[in-house]
Amino acid sequence: MPGARPLVSEADRERLVALLREHYAAGLFGLDELDRRVGTVLGAQFLDEAAAAVADLPVAPPPTAAAGSAAPRRPRRRRGHAHADQPAAGWVPTSERFRDPSTSTVMRVWVDPADQSRHYVPEPEP
């Protein structure tokens, strides 16, 4: 059907929310703005409505590498992310943390150095 608007899929929602979390972790906006944008994604029926939540953001968040690196890095291929209850052996914690808007749980980002995949693990409660 010409001109039909595509519906937003769960995979689309997950991809967009992950992108928003990365931009939040990079400090591009605060928690209230993250909540508003995630609400837009989760409440959207059509893909263009969901995509509006990230339309004004850069394609990738700014790098968090230390300033003054000698040579520019090759862009890394995105290898995905996943939620986990506990970090696996070999995963390296990052300084990135965010509050999951759906559960209000503080999550910490861990990276698997073997494939550079990112994993979100709940922070232990104090």
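Placed above this text is the structure.
Anyway, here's the lowdown on the structure attached to this text. Worth saying up front: this structure is predicted, and the values here are computed from it rather than measured.

Observations regarding the nonpolar core
One broad rule of soluble globular proteins: the nonpolar side chains tend to lie buried together.
Part 1 of the reasoning: Counting residues in hydrophobic clusters, the biggest one holds 18 residues, and the most contacted among them are Leu20, Phe29, Leu34, Val41 and Phe98.
Part 2 of the reasoning: Broken down by secondary-structure element, the contributors of at least two residues to this core are α1 (10-25), α2 (31-43) and β3 (106-112).
Part 3 of the reasoning: Those residues in contact with Phe98 that sit more than four places away from it in its chain are Arg21, Tyr24, Thr105, Val106, Met107, Val109 and Tyr120.

Some words on the pattern of salt bridges
Part 1 of the reasoning: Summed over the entire model, instances satisfying the criterion amount to eleven salt bridges.
Part 2 of the reasoning: Taking the shortest distance from any N to any O, the salt bridge between Arg97 and Glu123 comes out at 2.6 Å. Residue Arg97 is located in strand β2 (residues 92-99), and its partner Glu123 is located in the segment after β4 (117-122); the two are separated by 26 residues in the primary sequence.
Part 3 of the reasoning: Connected through shared salt-bridge partners, Glu33, Arg36, Arg37 and Asp56 make up one network.

Here's the deal with the packing of aromatic side chains
Part 1 of the reasoning: According to the stated counting rule, one finds one aromatic pair in the structure shown.
Part 2 of the reasoning: Between Phe98 and Tyr120, the ring centres sit 5.0 Å apart and the planes meet at 90°, which makes this aromatic pair edge-to-face. Here Tyr120 lies in strand β4 and Phe98 lies in strand β2, a separation of 22 residues in the sequence. Here the two residues Phe98 and Tyr120 agree in accessibility, since each one is buried.
Part 3 of the reasoning: Directly above the ring of Phe29 sits Arg37, whose terminal nitrogen or CZ lies 5.0 Å from the centroid.
Part 4 of the reasoning: In this structure, Arg108 is placed above the aromatic ring of Trp110, and the distance from its NZ or CZ to the ring centre is 6.0 Å.

Brief notes about the packing of α1 against α2
Part 1 of the reasoning: One can describe the packing of α1 onto α2 by two numbers: an axis separation of 10 Å at closest approach and a directional angle of 170°. The angle between the axes of α1 and α2 places the two elements in the roughly antiparallel class. In this structure, α1 contributes Arg13, Leu16, Val17, Leu20, Arg21 and Tyr24 to the contact, and α2 contributes Leu31, Leu34, Arg37, Val38, Val41, Leu42 and Gly43.
Part 2 of the reasoning: Its residues placed into classes, the contact of α1 with α2 shows nine nonpolar, one polar and three charged.

Conventions used here
- Each chain has its residues counted from 1, following the order in which its sequence is written.
- With pLDDT at 70 or above as the cut-off, local features in this predicted model cover only qualifying residues; side-chain atom pairs require 80 or more to be listed or tallied, and sums for whole chains, interfaces and linings still use all residues.
- With hydrogens and water stripped out, all remaining heavy atoms of the structure feed into the side-chain values.
- Side-chain atoms within 4.5 Å link the members of a nonpolar core, which is a set of buried Ala, Val, Leu, Ile, Met, Phe, Trp, Tyr and Cys residues.
- Only protein chains enter the accessibility calculation, which uses a 1.4 Å probe; a residue whose area is less than 20% of its type maximum is buried, one above 50% is exposed, and one in between is partly exposed.
- Only DSSP runs of H or I covering at least 4 residues are called helices, and only runs of E covering at least 2 are called strands; the numbering of each starts at the N terminus.
- The contact rule is simple, with two residues in contact once any of their heavy atoms fall within 4.5 Å.
- Just to be clear on terms, a salt bridge is a Lys or Arg side-chain nitrogen sitting within 4 Å of an Asp or Glu carboxyl oxygen.
- Centre distance within 6.5 Å is the pairing criterion for rings of Phe, Tyr and Trp, where only the six-membered ring of Trp is used; planes under 30 degrees apart are then read as stacked, over 60 as edge-to-face, and the remainder as tilted.
- We call a charge positioned above a ring when the Lys NZ or Arg CZ atom is no farther than 6 Å from the ring centre and deviates by at most 35 degrees from the ring normal.
- Fitted lines through C-alpha atoms give the axes, limited to the stretch in contact for helices. The angle between two N-to-C directions lies from 0 to 180 degrees.
- Orientation categories follow fixed angle ranges, with anything under 35 degrees roughly parallel, anything over 145 roughly antiparallel, 65 to 115 roughly perpendicular, and all other angles oblique.
- Here the term charged refers only to Asp, Glu, Lys and Arg, the term nonpolar to Ala, Val, Leu, Ile, Met, Phe, Trp, Tyr, Cys and Pro, and the term polar to all other amino acids, Gly among them.

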